[in-house]
Each structure stands twice: as structure tokens, then as C-alpha cells.
Amino acid sequence: MDPEYGSQFSSGDVGFILLCMGLVWLMIPGIGYFYSGMARSKNALSLIMCCLMSLVVVTVQWFIWGYSLTFSKTASSFIGNMDNALLRNVLGDPSIGSDKIPDIVFAIFQCMFAALTPALAIGAAAERARLLPMMIFIFIWSTIVYDPIACWTWNPNGWSAKLGGLDFAGGTPVHISSGFASLAYAIILGKRRGHGSISNGEDFKPHNMSNVVLGTAFLWFGWFGFNGGSALAGNMRAAMACVVTNLAAAVGAITWLVMDYRIERKFSALGFCSGAVAGLVAITPASGFVGPGPAVAIGFVGGVSCNLAVHLKRLLKFDDAVDVFAVHGVGGYVGSILTGLFAEQYIANLDGVTEIAGGWMNHNWIQLGHQLADATAGAAWSFCITYIILFVMDHIPGLSLRVDPEVELQGLDAAEIGEMAYYHVDKIVTVDPQSGEQKIVSEQVREVRNQENAQGNMSPEKIISPTQLNNI
């Protein structure tokens, strides 16, 4: 091999994208913790594991043919071919995304996007979906839903890219596709047992807000790599993408918080986290095309739209356990449309290379039509194909999607994984009143299976009176 092979790339740009790749990787367990905290304690571990399973399944799929189907350089307008299957000839040539980084760096960076997307979608199936069919679904879905949408959006040969659609970091391939897939998943699976009844309403509240806040922190932090890294070089455009990302998230968090406070008169941590994610989702397609002013508007409109969309599951009577459709489906769609309004030529050209006609800010009125076409096509393809995949799988013996009622009652942690997210240690200790010596007379480690015990309360049978202790 020529010793000069690959030497034309800036080590700074390559290092920057590899760092951003790591940040996007961190978002995947962040999703797991976010979803885990919103579920009941008996399903907390299963949701973290589902997100990590998405990472490993899609990584293998990306190696086999995912990258080739999405970014082969001779792709059709709809999907790629098998030229780069098994990552053949993916090494040091200039990538299809940018001539500033090599193929191999672009491939691993985009792999994280592909792995994150189904992790978002499966949240709607929380607490009632079998894990084995879910893993098979992730592989199939990535191949015939994510890869075509990403190809037509980001591959220069894709129909949306040729049309002039603008999507900087994944409004349609990541958020719209995962949001509308989650809607199909929720409809196919049906509601969780007892969900929606007045008597069981309290049972379905988030069991651990600390996990939700932790997951939000991971997501917000990782989103700088998600949006900033989509510039595919360490330049002014990447810097602006990070600025508008942080600004939109902050405005979205404040907006949702105020909307909830108007009703509850409480500063809800869940509202804060949901609003921040809504702002992040809405700014994603626009992050490389807009400045700080429009970012405020996008964060505000995204927060309002997603907050209102949460109520759709009650009106339409579907059970989206963690509001994936409301935040990612609706937020991604709104963000894509707003990109057509606020995209500006000078922001895109901050990298010194990209030239666009802009959006309505530059009097390019047709851009809104291009955005509508891309977003609507992505939503329709994702929902319809996901519904067909799940419907067929559910009728194949051994691949039924939903767990048995007994398993659902027991919880997926114990039934599907065999381990629990929480354990409680019960100890009975006696103290010699003269010497002060402590002695453990009984110790029992038990699994916490319900919300009350997860909060640290002891069951009545575990409470022992001082008189009983003196008699031991």
C-alpha cells in the first residue's frame, strides 16, 4: 500500500469526527436510561438492554450490508447496492459525505446514527414486547426502512437530495422514521394491561426520575456530536451547529416547563427533560442551516408542538409508553418544515463548500415544498412498512411480538432477562448495650418488583418491633 495513502486528510478533522462518533454512541445508553426511568421498576433493566441490543444488532447489520445499501457511491435514487457489503473497499478514499474525511471514518460515524434510530423506536413497545422478536425486527427494520430513507436523504444520488431537500443531521432518517415506526409498534402491540383505567392510573407513572434526568444529560451531551459532527469537519459550521443545538434545547425545556406549570403549578422534572429533547429533535434537520435567532423559534415551536402531541395518544387511544411518536415523530416533522422556512445560505456556507438556495429567509419559496415531500415520504414509508413487518412477524409461530399476560404482570426484567434493576438487602442487627458490639442475626437479599419497594419502603412483614428484637 502506498505510504501516502490517506495522508491528504487533516488529522484534526478525522479526530473531531471520531470524537463525535463517541458522543453519538453515548446517546444510546442515554436513551435506555431515559426510557428506563419512565417505565415501572419491574421493566427498568429490560429497556436499557433493548437499547444496547439495538447497538449491537445494527452494528452487525451495518457491516454486512447496511452501509452499502445507504452510502454506496453508485446507489439508485431510492437505495444503494452491495458494492460495499462487508465494508469492502471502505478505507482511505474520500467519503461520499465529505472529501475531508476518509470512508472508514464516515462509515463508523454513520453507524452510530443507524444504531440509535431503532433504539428510539422500540420505546413505544416498553413493558410488553418480547426481546427475541424485537432483535429480529431491528435487523429487518434497519434494512428496509432506515437504509432507504437515509439513502434518499443523505446519499447525493437519492431522490430527496437531488430534489433539494435539506436535512443536516437526521430529521427524517432518524426522528421521523423512529417516531412513526413507534406509532405502528404501539398499535400492533396494543395497550399495556390496565393502562388507561382510572383505578390503575398511578401504576404507570415514571418510577425513577433520576434515570430520566441522567438519560437527558447523556442525550444533550451526545447531541453536540450528533449535530456538530454532521458538518463532517471541525469548522465554523460545526461550531454554529453546536450553538443552535444548545440554544434550541434550552428554549424547548423552558417552553415545556412553563406549559406544564400553567396546569400543574409544579416545575416538573419530566417536563423539563421532555422539552429539552423536543428542542433537540426539532433543531436536528436545521442545525447546519440556521443561526441563533431561528434556533430560538425552532426550540419554542418544537416544545409547544410536542407538548400538545402528547395528548394524541389519549384521543387516538394508543399506548406509546414513553411518547416516542409525540417527541420524535412530531418534533422531527415540525423541525423539517421549519428548516424550509429558516434555512440561510450564509450559514450553510460557513464550511466554505456548501451552497444552497436557502429557505424562505432567502425568498426560496419552493424549499417548503421540498421539505414537505421529504418529511411526508419518510413518515409514510416508515409507518406503513413497519406495520407490515410487525403484522407478518406476529403471525409467524415463535415470533409473536407480545409477552404472555403472566410475564407482563411479572415484569420483563425477571421473565425475559432473569435479573432485576433493583435489589434490596434486609438486615436484622442486634447491639450489645454494654459493649456496643453489633451482630447481624438475619440478612436477606431480595428483588424489588414494585414501585413502592423501589422507592425504599419496606413491606409490612419486614418491619420488626423493638420488643421482637430484644427477644432474639
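Residues numbered from 1 in each chain as written. Predicted model: local features only at pLDDT ≥ 70, side-chain atom pairs only at ≥ 80, totals over all residues. Heavy atoms only, no water.

Moving on, we come to the overall build of the protein chain. Counting its regular elements, the protein chain contains 18 helices and two strands. Against the 2.2 N^0.38 benchmark of 23 Å for 472 residues, the protein chain shows a C-alpha radius of gyration of 24 Å, consistent with a compact globule. Judged by the C-alpha coordinates and their principal axes, the protein chain covers about 85 × 55 × 55 Å. Counting only contacts in the protein chain whose residues sit at least 6 apart along the sequence, the fraction spanning at least 24 positions is 74%. On the protein chain, roughly 19700 Å² of surface is accessible, and the fraction owed to carbon and sulfur atoms is 63%. (Helix = DSSP H or I, 4+ residues; strand = E, 2+ residues; numbered from the N terminus. Rg over C-alpha atoms; globule rule 2.2 N^0.38 Å. Contact = heavy atoms within 4.5 Å. Areas by Shrake-Rupley, 256 points an atom, 1.4 Å probe, with all protein chains shown as cover.)

Packed helices, taken two at a time, are described by their axes: the angle between them and the distance between them. For the pair helix H6 (residues 171-189) and helix H14 (residues 367-394), the least separation of the axes is 8 Å and the interaxial angle reads 35 degrees. As H6 runs across H14, the sense of the crossing is right-handed. On the side of H6, the interface is formed by Thr-172, Ile-176, Ser-177, Phe-180, Ala-181, Leu-183, Ala-184, Tyr-185, Ile-187 and Ile-188, while H14 contributes Asp-374, Ala-375, Gly-378, Ala-379, Ser-382, Phe-383, Thr-386, Tyr-387, Leu-390 and Phe-391. The residue makeup of the contact of H6 with H14, split by class, is 14 nonpolar, five polar and one charged. (Axes fitted to C-alpha atoms, helices over the stretch in contact; angles between N-to-C directions. Left-handed = near helix turned anticlockwise from the far one by under 90°. Nonpolar A, V, L, I, M, F, W, Y, C, P; charged D, E, K, R; others polar.)

For helix H8 (residues 236-264), with 29 residues, the first-to-last C-alpha span of 42 Å sits near the 42 Å given by 1.5 Å per residue. Capping the start of H8, Asn-235 holds a side-chain oxygen 3.1 Å from the backbone nitrogen of Arg-237, two or three residues further along. Immediately downstream of H8, the backbone of Arg-265 shows phi near 60 degrees, a positive value. (Expected span 1.5 Å × (residues − 1). Polar contact = N/O pair within 3.5 Å; in protein donor to acceptor, adjacent residues only side chain to side chain.)

It is worth spelling out the confidence of the model for the protein chain at this point. Counting all residues, the mean pLDDT for the protein chain is 91, and 91% of those residues have values of 70 or more. In the model, residues 451-472 has pLDDT below 50 throughout and makes 29 contacts with residues more than four positions away in sequence or in other chains. (pLDDT = per-residue confidence, 0-100.)

A word on a nonpolar patch on the surface. Taken together, Ile-187, Tyr-387, Ile-388, Phe-391, Val-392 and Ile-396 make up a surface patch of nonpolar side chains, about 510 Å² in accessible area. For the nonpolar patch, the leading source of residues is H14, giving four residues. With respect to the secondary-structure elements, Ile-187 resides in helix H6. For Ile-187, a relative accessible area of 40% puts it in the partly exposed group. (Patch = residues over 30% accessible without salt bridge, like charges linked within 9 Å, V, L, I, M, F, W, Y side chains within 5 Å. Salt bridge = Lys/Arg side-chain N within 4 Å of Asp/Glu carboxyl O. Buried < 20%, exposed > 50% of the residue type's maximum accessible area, 1.4 Å probe, protein only.)

Under the definition given, this model contains 21 aromatic pairs. Taking the centre distance of 5.2 Å and the plane angle of 90 degrees together, the rings of Phe-180 and Phe-325 count as edge-to-face. Of this pair, Phe-180 sits in helix H6 while Phe-325 sits in helix H12 (residues 324-342), and the two are 145 residues apart along the sequence. For Phe-180, a relative accessible area of 17% translates into the label buried. Centre to centre, the rings of Phe-383 and Tyr-387 are 6.2 Å apart; their planes meet at 35 degrees, and the pair counts as tilted. Here Phe-383 and its partner Tyr-387 are both found in helix H14, four residues apart, which amounts to about one turn of the helix. Residue class for Tyr-387 comes out partly exposed when judged on its relative accessible area of 31%. Clustering of aromatic rings is evident, with ring pairs tying together Phe-109, Phe-113, Trp-154, Trp-223 and Phe-226. (Phe/Tyr/Trp six-rings, centres within 6.5 Å; stacked < 30°, edge-to-face > 60°.)

Contact geometry for helix H7 (residues 209-228) and helix H9 (residues 269-283): axes closest at 10 Å, N-to-C directions at 20 degrees. On the basis of the axis angle, H7 is roughly parallel to H9. Crossing of H7 over H9 shows left-handed handedness. Together, Met-209, Val-212, Val-213, Thr-216, Leu-219, Trp-220, Trp-223 and Asn-227 of H7 and Ala-269, Leu-270, Phe-272, Cys-273, Ala-276, Val-277, Leu-280, Val-281 and Ile-283 of H9 make up the contact between the two elements. Of the residues contributing to the contact of H7 with H9, the split by class is 15 nonpolar, two polar and no charged. (Parallel < 35°, antiparallel > 145°, perpendicular 65-115°, else oblique.)

Looking now at H7. Between its terminal C-alpha atoms H7 stretches 28 Å, which fits the 28 Å expected from 20 residues at 1.5 Å a residue. At Gly-222, H7 shows its largest bend, some 30 degrees. Along H7, the positions that sit buried rather than exposed are Asn-211, Val-212, Gly-215, Thr-216, Leu-219, Trp-220, Gly-222, Trp-223, Gly-225, Phe-226, Asn-227 and Gly-228. Looking at the buried side of H7, the elements it contacts are helix H1 (11-38), helix H3 (103-121), H6, H8 and H9. Two or three places before Ser-210, at the start of H7, stands the capping residue Asn-208, its side-chain oxygen 3.0 Å from that residue's backbone nitrogen. (Bend = angle between axes of the 7 residues up to and from the residue.)

Next up on the list: the environment of Pro-3. Looking at the element boundaries, Pro-3 is found in the segment before H1. In this structure the C-alpha to C-alpha distance between Pro-3 and Ala-161, which are 158 residues apart in sequence, comes to 35 Å.

Position of Val-14 relative to the elements: it lies in helix H1. On the basis of relative accessible area, Val-14 is assigned to the buried category, the value being 17%. Considering only alpha carbons, one finds Val-14 and Lys-100, 86 residues apart in sequence, at a separation of 8.0 Å. Ignoring anything within four residues of it in the chain, the contact list for Val-14 reads Phe-9, Pro-102 and Val-105.

This part takes up the side chain of Asp-13. Position of Asp-13 relative to the elements: it lies in helix H1. Of the side chains with opposite charge, Lys-100 lies nearest to the buried Asp-13, which makes no salt bridge, at 5.3 Å. Residues contacting Asp-13, with those up to four places away along its chain left out, are Lys-100, Ile-101, Ala-233 and Gly-234. (Lys, Arg positive; Asp, Glu negative; His and termini not counted.)

Moving on, we get to the nonpolar core. Grouped together as the largest cluster of nonpolar side chains are 119 residues, with contacts concentrated most on Tyr-35, Leu-116, Tyr-146, Tyr-185 and Phe-226. When residues of this core are assigned to their parent elements, the largest contribution, 13 residues, is made by H3. Setting aside residues no more than four positions away along its own chain, Tyr-35 makes contact with Leu-47, Cys-51, Ala-119, Leu-120, Gly-123, Val-322 and Val-324. (Core = buried A, V, L, I, M, F, W, Y, C linked by side-chain atoms within 4.5 Å.)

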